[in-house]
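# Coordinate inspection notes
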Protein chains: 2
Amino acid sequence: MNASQDQANQRLDIRSIREAASRIHPYAHRTAVMTCESLNRFTGKNIFLKCEHLQRVGAFKFRGACNAVFSLNDEEARHGVVAHSSGNHAQALALAARIRKIPAYIVMPDNAPKVKKAAVAGYGAEITFCEPTLAARESTQQLVIDRTGATVVHPYDDPAVIAGQATAAAEMIDDVGDFDLILAPVGGGGLLAGTALSAKLMSKKTRVIGVEPAMADDAARSFAAGHIIPSNNPNTVADGLLTSLGHLNFPIIRECVDDILTVSEDSIIAAMRFMWERSKQLIEPSAAVPIAALLEGKLAHVQGRIGVILSGGNTDLDSLPWMR
Amino acid sequence: MNASQDQANQRLDIRSIREAASRIHPYAHRTAVMTCESLNRFTGKNIFLKCEHLQRVGAFKFRGACNAVFSLNDEEARHGVVAHSSGNHAQALALAARIRKIPAYIVMPDNAPKVKKAAVAGYGAEITFCEPTLAARESTQQLVIDRTGATVVHPYDDPAVIAGQATAAAEMIDDVGDFDLILAPVGGGGLLAGTALSAKLMSKKTRVIGVEPAMADDAARSFAAGHIIPSNNPNTVADGLLTSLGHLNFPIIRECVDDILTVSEDSIIAAMRFMWERSKQLIEPSAAVPIAALLEGKLAHVQGRIGVILSGGNTDLDSLPWMR
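We now turn to the structure provided with this report. All residue numbers refer to position in the chain's written sequence, counted from 1. Numbering of ligands from 1 and lettering of chains from A proceed in the order in which they are written. A pLDDT threshold of at least 70 governs which residues receive local features in this predicted model, and a stricter bar of 80 or more applies before side-chain atom pairs are shown or counted, although totals over entire chains, interfaces and linings include all residues. Note: side-chain values were computed over all heavy atoms of the structure, leaving out hydrogens and water.

## Re the overall build of chain A
Secondary structure counts use DSSP, requiring at least four H or I residues in a row for a helix and at least two E residues in a row for a strand, with both numbered from the N terminus. If you tally the helices and strands in chain A, you get 14 helices and ten strands. Rg of the C-alpha trace for chain A: 18 Å, near the compact-globule value of 20 Å for 324 residues, within the 12% margin. The principal-axis extent of the C-alpha atoms belonging to chain A is close to 55 × 45 × 40 Å. Out of the 324 residues in chain A, the part that is buried amounts to 58%. Any two residues whose heavy atoms approach within 4.5 Å at even a single point are treated as in contact. Put simply, 72% of the contacts in chain A that link residues at least 6 apart link residues at least 24 apart. For the accessible areas, the method is Shrake-Rupley and the probe is 1.4 Å, while residue cover comes only from the protein chains on display. When the accessible area of chain A is evaluated, it comes to approximately 12,600 Å², of which 49% is carbon and sulfur surface. Charged side chains in chain A number 32 positive and 34 negative. The centres of these two groups are separated by 5 Å. When we talk radius of gyration, it's over C-alpha atoms, and the globule rule is simply 2.2 Å times the number of residues to the 0.38. Throughout this description, buried means an accessible area under 20% of the type-specific maximum (1.4 Å probe, protein chains only), exposed means over 50%, and partly exposed covers the range between. Positive: Lys, Arg. Negative: Asp, Glu. His and the chain ends are not part of the count. Taken as the charge location is NZ of Lys, CZ of Arg, CG of Asp or CD of Glu.

As structure tokens, this is what we get:
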């Protein structure tokens, strides 16, 4: 365990999650917990849905970014925050920084969709474009840091971000009671690690299972192997789950998560469409991943109350997955 | 005023709406009232959204159908209910009848979309197909009545249906308080008449405005003329609003509704997409019609609290209006 992992584990107790909850409380939505009769009937389960697609910027990512931004001391904050991201984290960090009235610097690949560039710019962030490679993104980010002194807020490999994401499951448990099982999608592992921490710290009996696309199954393979195995050309409709597990997230997931399941692309698309038709909730493909596991019958043996984190609702309305 | 209009006006007092509410309470959802920050910001208004797209069968129609079915005496009920409809009313009536364990007979044009036939059949209704003309629908319905003795439940021109639809606005007022203005879409006028009755009976100050597509503006023309002018080849993306005003609805609308506005097709589609993107709520084109009036700036002068009935969420996910 390296120094930063040690620091993360020290910090990520129930108090750090409660502190994150107080810190983001004035700015983040306490999202609704919904049920869907059709989903319960089709699966034969008792399922509760934590509606993070109704969170600000349309995704749970605002929780982590907001906690990280408001955890900075005044001197750090003055120099702003920086991240390289073209996804929900970029918008989340830009909005959190705008609320604290500090600069946000976002490094984006120059081939990012226009609508994402516009959204981040709309939140007042300064965007620096770079070539669409990890090396270019990291070197460009370093140039921004050298110039501005901004603090990096990593999308998932950061204790404050993990504690922020943990507040979604904590709220769900506080609002509707204990669960037998909680499901969350896995990409970099920030949401899954946070969810598992909240579940295990608040309730001994709650099992936590991560679900990821079979086409981006680095978390399942890492979990089985006992060490991080990076993604290998992941290719999934669940575009929020392409990243490899983070180094702070992995030990938490190993310790607190009971299993990681994978689901097919067809089943993710069918689950997304099921939720659109039946619950009238516009969730993004990544959010449909745990629903896919339920509809596929992969959890047929599970009894009792099941919580699902619906992670986000940002998707391209000009190109729906079932039309491609 | 004919006998049935007189009967409707006698029955449709606040007590009949409260009775409808008690009657449907065990079966209908008390749907949420949501707000949408983006919508408030873009319009500069304080808007509350009554989520009837989250009602059973995905539309407010279940309220009226359920009230009508549970208003029947046992002898009437035994013979079942009948309607000709290929829309939300057919599903609503089929479900209400199934709950009361009585037969539902639905007359549908043989060219109705497969998915609608399947939905109605899925609720256990007996479907009789006919040619897609009003004459064929009415004569086929009469044959069903002659054979079964079933009671007709008209989609909107029925006092019990109007009282049922009225419960949506009544709940919204009960749950979040008084409004300065309530908006509802207008097709046959069941929802608008019910909404206006609830608003005027519960609050003196609340104005009620109906909104309809300019391409199906029979209600606006009838309202201005003081007598019913039937639809003339209506052609709108808001497929729930094609029908002409009902004879029971019109006098209520004349008495209790303050104005009827029209909106363009482009603006309906833009409003639907705005709500999908910003609120993550999957509403159908008809439900976007009042939102279109707000986004078009047609209500720029209105101050205070605005309630909107989001009437439904049933739309073809294989053919979205902005892709056609």
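## Some thoughts on the relation of the copies chain A and chain B
The least-squares superposition of copies is restricted to C-alpha atoms, and to residues with a pLDDT of at least 70 in both copies. Its rotation angle being 180°, the transformation that places chain A on chain B also includes 0.0 Å of axial translation and leaves an RMSD of 0.0 Å. Such a turn and shift between the copies fits a two-fold axis. Scanning chain A for the C-alpha nearest the rotation axis identifies Gln 281 of chain A, at a separation of 2.7 Å. In this assembly the copies share their binding face: 100% of the residues contributing to the interface of chain A also contribute to that of chain B.

## Concerning the interface of chain A and chain B
Across the contact, 22 residues belong to chain A and 22 residues belong to chain B. Each partner contributes to the roughly 1,700 Å² buried at the junction of chain A and chain B, and carbon and sulfur atoms together form 57% of this total. Area buried by chain A at its contact with chain B is led by Lys 280, Leu 282 and Leu 317 of chain A, which between them contribute 37% of it. Each reported salt bridge corresponds to a side-chain nitrogen of Lys or Arg within 4 Å of a carboxyl oxygen of Asp or Glu. Taken together, chain A and chain B are joined by four salt bridges. For Glu 37 of chain A, the salt bridge is made with Arg 56 of chain B, and the minimal N-O distance between the two is 3.8 Å. Definition of a polar contact: a pair of N or O atoms within 3.5 Å, with one able to donate and the other able to accept a hydrogen when the atoms are protein atoms, and with sequence-neighbouring residues admitted only if both atoms are side-chain atoms. Seen at the junction of chain A and chain B, the total is 13 residue pairs in polar contact (both at pLDDT 80 or more). With four residues, the single largest contributor to the side of chain A that touches chain B is helix H13 (residues 265-279) of chain A. A simple way to read buried area is as the amount of 1.4 Å-probe accessible surface that goes missing from two parts once joined, with both sides added.

## Here's the deal with unusual backbone geometry
The phi dihedral of Lys 280 of chain A falls on the positive side, at around 60°, and the residue is not glycine. For Lys 280 of chain A, the position within the fold is in the loop between H13 and helix H14 (285-295). Phi at Lys 101 of chain B takes a positive value of approximately 60°, unusual for a residue other than glycine.

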